[in-house]
Amino acid sequence: MIDLHYWTTPNGHKITMFLEETGVPYNIVPVNLVQNDQFKPEFLEIAPNNKIPAIVDHEPIGGGEPISIFESGAILLYLTEKTGKLLPKDIRGRMDATQWLFWQVAGLGPMPGQLIFFLRNTEKHPFGIERYTQETKRLFGVLNKRLEDREWLAGDSYSIADIAAYSWSAPYALFGIDVYEYPALERWLEAVASRPATERAYAIAKDMNPNAPQPVRRAEREAARNAA
């Protein structure tokens, strides 16, 4: 059994998406960021950077004592090793998925995250807003270009690269992104959103935190566009 220390953020969604996709048994331990649960000593023992998600695997690879892991990218890599799922087996496909996972962790996450900070700050800083708006748009453009000639980000099948990038692409409206400017990305967003595991993962988030943003499906987008 895996204990998932979780809250309803893009990085948290990555892990529920993986676990729902693979059917690995897990138990959610809420870490309410609004209530500053991330600073509690018991959480810091497993996540010293006071960020979610983190996991404790009570049946780790190789047996022995439970293992704790923090950082969403590291968790995804561990879970692929544990399950043998959602990572290509061949070296080229595996490295393809790994590099796009690292691309997300290094860029499509930190950049829109900083943008949201500046947009929500009571003191407006035009330079910061412009800087992170343009970088976020650039990253969405990179993602769109990658998806123009392929169904999934890496290899021939859905992988942790798609999971990682989706969790930060789905709330595009928060970043001021017009998804219709990125047609390949829009197609991919719908493909990931329609997966039953994705639906279950975001339903978990909605039950835990009704204010958590939910993916907007194509039919909703079209209805809103036609009504505008």
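Here the structure is shown first, and the text comes after it.
Residues numbered from 1 in each chain as written. Predicted model: local features only at pLDDT ≥ 70, side-chain atom pairs only at ≥ 80, totals over all residues. Heavy atoms only, no water.

Engineer: Residues and numbers for the nonpolar core, please.
Structural biologist: By size, the foremost hydrophobic cluster in this structure holds 57 residues, and its most contacted members are L19, I55, L79, L143, Y166 and W188. For I55, the residues in contact, after removing those within four places along its chain, are I2, D3, L4, I15, I67, S68, I69, I75, Y78 and L79. By size, the runner-up hydrophobic cluster in this structure holds eight residues, among which are I46, A47, I52 and V56. (Core = buried A, V, L, I, M, F, W, Y, C linked by side-chain atoms within 4.5 Å. Buried < 20%, exposed > 50% of the residue type's maximum accessible area, 1.4 Å probe, protein only. Contact = heavy atoms within 4.5 Å.)

Engineer: So what's going on with the pattern of salt bridges? Residues and values would help.
Structural biologist: Under the counting rule described, the total for this entry stands at 14 salt bridges. Linking E186 and R218 is a salt bridge whose minimum nitrogen-to-oxygen distance equals 3.0 Å. Separated by 32 residues along the polypeptide, E186 in helix α8 (residues 183–193) and R218 in helix α10 (residues 218–227) bring together distant segments of the chain. Across the salt bridge formed by R221 and E186, the nearest N and O atoms sit 2.6 Å from each other. Of the two residues, R221 is situated in helix α10 and E186 in helix α8; the sequence distance between them amounts to 35 residues. Residue R221 is classed as buried on the basis of its relative accessible area, which comes to 6%. Judged by relative accessible area, which is 9%, E186 ranks as buried. Members of the salt-bridge network, linked through shared partners, are E186, E190, E199, R217, R218 and R221. (Salt bridge = Lys/Arg side-chain N within 4 Å of Asp/Glu carboxyl O. Helix = DSSP H or I, 4+ residues; strand = E, 2+ residues; numbered from the N terminus.)

Engineer: I'd like a rundown of the side chain of T9, residues and numbers included.
Structural biologist: By secondary structure assignment, the location of T9 is in the loop between β1 (2–6) and α1 (10–22). The class of T9 is buried, set by a relative accessible area of 18%. With sequence-adjacent residues up to four places away left out, T9 is seen in contact with L33 and I52.

Engineer: Explain unusual backbone geometry to me, and be specific about the residues and the numbers.
Structural biologist: Note on backbone geometry: most residues besides glycine have negative phi, and most peptide bonds are trans. At the junction of I52 and P53, the peptide bond is cis and its omega measures out at 0 degrees in the coordinates. Mapped onto the elements, P53 comes out in the loop between α2 (41–44) and β3 (54–57). A positive phi angle, near 80 degrees, is found at E71, a position not held by glycine. Mapped onto the elements of the fold, E71 is located in the loop between β4 (67–70) and α3 (72–83). Unusually for a residue other than glycine, L86 sits at a positive phi of about 65 degrees. Structurally, L86 is set in the loop between α3 and α4 (91–106).

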